[in-house]
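So the chains spell out like this:
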Amino acid sequence: MQNELPPGAAAASPRPAPSPEEIRAQLDRIVKSPEFPPSGRSVAFFIYVMEEALAGRADRIKGYSIAVEVFKRSAGFTQDDPVVRIEAGRLRRILERYYLVAGQNDPILIDIPKGGYAPSIRWSDPAPDAVVVRPEEDAAMATAGSGLRLPAVRRRWLALALGAVVIGSSYALAQQFHFRPASSHGPTLFIAPFVNLGDGPNAENYTVGLTEELLTAFPRFKEITVFSREALKSRGPEGGSPQTGSEPDAQFFLGGGVRVSGNLVRVTTRLIDTETNEILWSQTYDDDIRTREEFAIQSDIANKVASAVAQPYGVMAKADAANPPADGLGTRACTLSFYRYRAELSAERHAQVRDCLEATVARYPSFATASAMLSIVYLDEGRFRFNTRTDAATPIERSLNAARRGVQNDPDDVRAMQALMTALFFNNQVPEALKVGEQALETNPNDTELLGEFGTRVAMSGQWKRGAVLLDRALALNPRGADYYHGTRALAAYMLHDNETALVEIKEADLQRFPLYHAVAAVIYVDAGMIDDARREAALFNKMRPDFIPNIVAELKSRNFQPADRARMIADIRKAGLPAVDEVESTMMLPSASSSTHQPR
């Protein structure tokens, strides 16, 4: 069984590891929770790796053994089959959600670290002899993290020091950065220098380096505005109270601490609402300097923090959406509503978002992100047949114009590059589209909205396996992202003949008001032999989009599906009960085909 701390660090703790009985009790608590799926492969996977670890065989837990013993793959299983990696990522997301929701106060933490399948098991509370911390000190201790045990005198010194350093500086800074609605088009964040809580030069190097990495990773998300320690220069010595209006204030505050002990690096982070001082999110990251370089550790942790906090569907966005700003003309509310629309994909919300984005772009023509959002909404008029206008310019033309305007206004705006990539793709400029997507991914590899859209475009161009990998990465970084990407991941699994993953993902993508959801569900159910379910979904799709089936060949071509993929989907649509014609038949129906003037979805 793995320990969370490396051997050298673990020996410093007087507390024994959790017993097998305590671990099994925690396992039972997790799998019986409403946050854990009651059936399916995740339960079998989790129980298998836990029992192997408890039996002392953690070093023998490999992808091959899981595939054969849990998923009943044949002895000829190879790593080309992604089933174990996919399920491991899904199990990690389930455990993450469990400890964020139901398991916050559980005594034992269990996870499956990336890079392997053996579980990590550790206590979540301090050792029995840890210093008692008063409530006002507790936040400081939590910011520094727990788990590394210091001698009693140093523990007491650390508690007092953290009370002075972390509370006296970090929380004071958080209180000084009150939210000012008119300061930007999106949420504002102050990143404080992380506190060095370790010994020696290594701790200082990691602390300074991590802060710099965070200040590089966060500004790549153009929907937020980031302030750094430079904003404190006008505050005077010791970060004193600022003069009124001396610099922009922030709605959110990010701070934390770094400790280096032996071979272990531990980073703790907190996101705080500066109006209420509520801790919105916290996380601890452990790494081993024997196995990874300093720069790699700093970069990886910074990317994980940025992905969790700054995503369009991340912690800051959710907090902002729960308490919408009163921003006059509604610029902030409008951009927030765009992501709510993306999560739902309904014609009703589309009309509302299009109207407010047009007003925003008219008032702020240089606001690149709003132009990008408007480009995507324009494109949806054609590809989803949402609220189509009879303008002189087609939806795809308006989409391309808005996307190019966004990129011109800010060449580094990832949302603008994403919009241009998508518009080019639906304009049948596939190589150009994928090139823009690659450039956008280089600009911000942590943006899962981009990563999911790029993975979708790569997959639909015929590269289903690579697209699936990109979508898995997006969903692993942000498991609470848009259902749309679960739907495209289900389609990729269908194309890769992975029925089990396709069924899991299509159920994750609960998009009942989105017509294409039902079409993808229908072909997946056909492939799985669930014909009654397939016919039900096909009937719903045909009711919502009666124009699609008579033009199915043109519709699939407009999305750049390859001939073999089109033929397979058409055959399965027929099995689901809809009268779809194949390409040979469609060429014999020239009047019908040539009269189609629809725009691609």
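Our subject in this report is the structure included herewith. Just so it is clear, the structure is predicted and the values come from calculations on it, not from any experiment. Along each chain, residue indices are assigned from 1 in the same order as the chain's sequence is written. Reporting of local features is limited, given that this is a predicted model, to residues whose pLDDT is at least 70; pairs of side-chain atoms are given and counted only at 80 or more, and all residues count toward the totals for whole chains, interfaces and linings. Excluding hydrogens and water, the side-chain values take into account all heavy atoms of the structure.

### Details of the side chain of E453
A helix here means a DSSP run of H or I that spans at least four residues, while a strand means a run of E at least two residues long, and both kinds are numbered starting from the N terminus. Along the chain, the position of E453 falls in helix α17 (residues 448–460). For each residue, the accessible area found with a 1.4 Å probe, counting protein chains only, is set against the maximum for its type, and the residue is called buried under 20%, exposed over 50%, and partly exposed in between. Overall, the relative accessible area of 1% leaves E453 in the buried class. In terms of polar contacts, E453 uses its side chain to reach the side chain of R342, at 3.1 Å. Counted as a polar contact is a pair of N or O atoms within 3.5 Å, where, for protein atoms, one must be capable of donating a hydrogen and the other of accepting one, and residues adjacent in sequence contribute only when both atoms are in side chains. Within the structure, the side chain of E453 is placed 2.7 Å from the side chain of R457, a separation counted as a polar contact. Residues count as neighbours in contact if any of their non-hydrogen atoms are within 4.5 Å of one another. In contact with E453, not counting residues within four places along its chain, are R342, R383, Q418, M421, T422, Y484 and Y485.

### Things to note about helix α12 (residues 347–363)
Between the first and last C-alpha of α12 there are 25 Å, a value that for 17 residues agrees with the 24 Å anticipated at 1.5 Å per step. Among the residues making up α12, those that are buried are H350, V353, R354, L357, T360 and V361. Seen end-on, α12 carries its buried residues on one side only, within an arc spanning 135°. Seen from the open side of α12, the exposed residues pointing more than 90 degrees away from its buried face are Q352, A362 and R363. In this scheme, a helix's expected span is set at 1.5 Å multiplied by one less than its residue total. As used here, the arc is the angular range of directions from the helix axis to the C-beta atoms.

### Let's talk about the packing of aromatic side chains
When the centres of two rings from Phe, Tyr and Trp lie within 6.5 Å, Trp using its six-membered ring, the rings pair. Their planes under 30 degrees apart give stacked, over 60 give edge-to-face, and anything left gives tilted. Scanning the entire structure with this criterion turns up eleven aromatic pairs. Judged by centre distance (5.9 Å) and plane angle (40°), the rings of W464 and F561 are tilted. Taken as a pair, W464 in helix α18 (residues 464–477) and F561 in the loop between α23 (552–558) and α24 (563–575) lie far apart in primary sequence, 97 residues in all. Of the two residues, W464 and F561, neither departs from the other in class, the shared state being buried. Put simply, the rings of F45, F71 and Y117 touch in pairs and so form one group of aromatic residues. For the cation-ring pair, R398 lies above Y378, with the distance from its terminal atom to the ring centre recorded as 4.8 Å. In this arrangement the basic side chain of R568 is found over the ring face of Y494, its NZ or CZ atom lying 3.9 Å from the centre. By definition here, charges over rings are those cases where NZ of Lys or CZ of Arg is within 6 Å of the ring centre and within 35 degrees of the ring normal.

### A word on the state of the cysteines
In plain terms, two cysteine sulfur atoms within 2.5 Å form what is called a disulfide here. The final tally for this structure, using the stated rule, is one disulfide. Note on cysteine connectivity: C334 is disulfide-linked to C356, with sulfurs 2.2 Å apart. Measuring handedness by torsion sign, the sulfur bridge of C334 and C356 sits at about 85° and is right-handed. Residue C334 is found in helix α11 (residues 331–344), and its partner C356 is found in helix α12; the two are separated by 22 residues along the sequence. On the basis of relative accessible area, C334 is assigned to the buried category, the value being 2%.

### A few points about the packing of α18 against helix α19 (residues 483–495)
In the contact formed by α18 and α19, the axes pass within 9 Å of each other and the chain directions differ by 145°. Note on packing geometry: the crossing formed by α18 with α19 is left-handed. Across the interface between the two elements, W464, A468, L471, D472 and L475 of α18 pack against Y485, H486, T488, R489, L491, A492 and M495 of α19. Residue polarity follows a fixed list, in which Ala, Val, Leu, Ile, Met, Phe, Trp, Tyr, Cys and Pro are nonpolar, Asp, Glu, Lys and Arg are charged, and the others, Gly among them, are polar. The class makeup of the residues in the contact of α18 with α19 is eight nonpolar, two polar and two charged. Axes here mean lines fitted to C-alpha atoms, for a helix over just the part in contact, with angles spanning 0 to 180 degrees between N-to-C directions. Crossing handedness is read from the near helix: turned anticlockwise from the far helix by less than a right angle, it gives a left-handed crossing, and turned clockwise, a right-handed one.

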